[in-house]
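Listed below, chain by chain, are the residues.
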Amino acid sequence: MSEIRLVVIDASGLHARPAAKFVQTASRFDSRIVLRQDGREADAKSLIALLGLTIRPSSEITLAADGPDADAALAALQAELAPYVSQAG
Amino acid sequence: MGLILVSHSGTLVDGLRDMVAQVAGPDVPIETAGGTEDGRLGTSAPRISEAIRSVLDRVGSAVVLLDLGSAALSLELALEDLSAADRERVHISEAPLVEGAVLAAVQASVGASIEEVVAAAESAATMAKMPRA
């Protein structure tokens, strides 16, 4: 499993529109992809699961992917999230 | 698959359609049936059946989301007006209108099956909005 850690910097957290775009991008990949926050995990291909994490500004999130296209998926999703996050230090 | 948004208020579903299209993108057909034929608050069976037919002309199946009260009665009348073959292609969602429409459209936009779309919409009823302690 590959993973990257990120911090949400957008003032609105991970809100509905970027979350929806994120789900659309994640759904293009075969890998199992999850987003974790505070010990809770959401399927990156499900908007309900993502919104249910209620990701707020300054939250540290981990994006993890497992499968044949895991690295490509993480790269695409990190690009998708770029305006909203920074690398976790 | 496409969505039909049914409400007592035309303004409400017009705004909701804009919001859903912005969140989910342009690929999911959405029709609205809000208000009565003379522009008052209420629901209209003919407007609902017209909206359903318009979606079914473009895609194989449709999910209807509605607000409350007599919207259900008007929807039942509208369904009676469809052919049996068309009725088979329509699923009525119990989901809350706003949240259900957004979730359904996003799942539909990624090519999910109608069962997955319906399940996504209905999960909106218990979706967390505020962070849980």
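Values in this document were obtained by computation on a predicted structure and should not be read as measured data.

**A closer look at the overall build of chain A**
Secondary structure assignment for chain A yields 3 helices and 5 strands. The N-to-C order of helical and strand elements in chain A reads β-α-β-β-α-β-α-β. Against the globule reference of 12 Å for 89 residues, chain A gives a C-alpha radius of gyration of 11 Å, in line with a compact fold. Its C-alpha atoms give chain A principal-axis dimensions of about 35 × 30 × 25 Å. A total of 89 residues make up chain A; the buried ones form 39% of that total. Across chain A, contacts joining residues at least 24 apart in sequence account for 73% of those joining residues at least 6 apart.

**Overview of unusual backbone geometry**
Residues and elements named next belong to chain A. Of note in this structure, Asp 38 is not a glycine but carries a positive phi near 50°. Position of Asp 38 relative to the elements: it lies in the loop between strand E2 (32–37) and strand E3 (40–43). The phi dihedral of Ser 58 is positive, around 75°, even though this residue is not glycine. By the element assignment, Ser 58 lies in the loop between helix H2 (47–52) and strand E4 (60–66).

**Remarks on the nonpolar core**
Counting 71 residues, the largest nonpolar core has A:Leu50, B:Leu65 and B:Ala105 as the members making the most contacts within it. Here this core gets 8 residues from one element, more than from any other, and that element is helix H5 (residues 97–109) of chain B. With residues near it in sequence (within four places) discarded, A:Leu50 still touches A:Ala19, A:Phe22, A:Val23, A:Leu35, A:Ala42 and A:Ala44.

**Some thoughts on the packing of helix H1 (residues 16–26) of chain A against helix H1 (residues 10–24) of chain B**
Relative to each other, H1(A) and H1(B) sit at 45°, their axes nearing to 8 Å. It follows that H1(A) is oblique to H1(B) by the angle criterion. Contact with H1(A), carried on its side by A:Ala16, A:Arg17 and A:Ala20, involves B:Gln22, B:Val23 and B:Ala24 of H1(B) and no other residues of that element.

**A word on the pairing of strand E1 (residues 2–8) of chain A**
Residues and elements named next belong to chain A. Here 6 bridges tie E1 to E4, and the two strands are oriented antiparallel to one another. Paired with Ser 2 across the two strands is Ala 65, which belongs to E4. Here E1 pairs with strand E5 (residues 85–87) via 3 bridges, running antiparallel. Across the sheet, Val 8 pairs through a bridge with Val 85, a residue of E5.

**Quick notes on the interface of chain B and chain A**
Between chain B and chain A, the contact holds 16 residues from the first and 12 residues from the second. Elements that contribute at least two residues to the side of chain B that touches chain A include exactly H1, H5 and helix H6 (114–123) of chain B. Ranked by the residues each element gives to the side of chain B that touches chain A, the list is headed by H5(B), at 5 residues. A breakdown of the residues in the side of chain B that touches chain A according to their chemical character gives 12 nonpolar, 4 polar and no charged.

**Details of the sheet that holds E3(A)**
All names here are of chain A. Taken together, the 5 strands give an open sheet; going across it, the order is E3-E2-E4-E1-E5, and neighbouring strands pair in antiparallel fashion. The two strands at the open ends of the sheet, each matched to only one other strand, are E3 and E5. Going across the sheet, the axis of each strand differs from the next one's by a mean of 35°, ignoring polarity.

**Notes on the environment of B:Leu97**
Relative to the helices and strands, B:Leu97 resides in helix H5. Considered as a pair, B:Leu97 and B:Pro131 are 34 residues apart in the sequence and their alpha carbons are 22 Å apart.

The rules behind the values
Residues numbered from 1 in each chain as written. Chains lettered and ligands numbered in written order. Predicted model: local features only at pLDDT ≥ 70, side-chain atom pairs only at ≥ 80, totals over all residues. Helix = DSSP H or I, 4+ residues; strand = E, 2+ residues; numbered from the N terminus. Rg over C-alpha atoms; globule rule 2.2 N^0.38 Å. Buried ≥ 20, exposed ≤ 12 C-beta atoms within 10 Å, placed from the backbone. Contact = placed C-beta atoms within 7 Å. Core = buried A, V, L, I, M, F, W, Y, C linked by C-beta atoms within 7 Å. Axes fitted to C-alpha atoms, helices over the stretch in contact; angles between N-to-C directions. Parallel < 35°, antiparallel > 145°, perpendicular 65-115°, else oblique. Pairing = 2+ DSSP bridges. Nonpolar A, V, L, I, M, F, W, Y, C, P; charged D, E, K, R; others polar.

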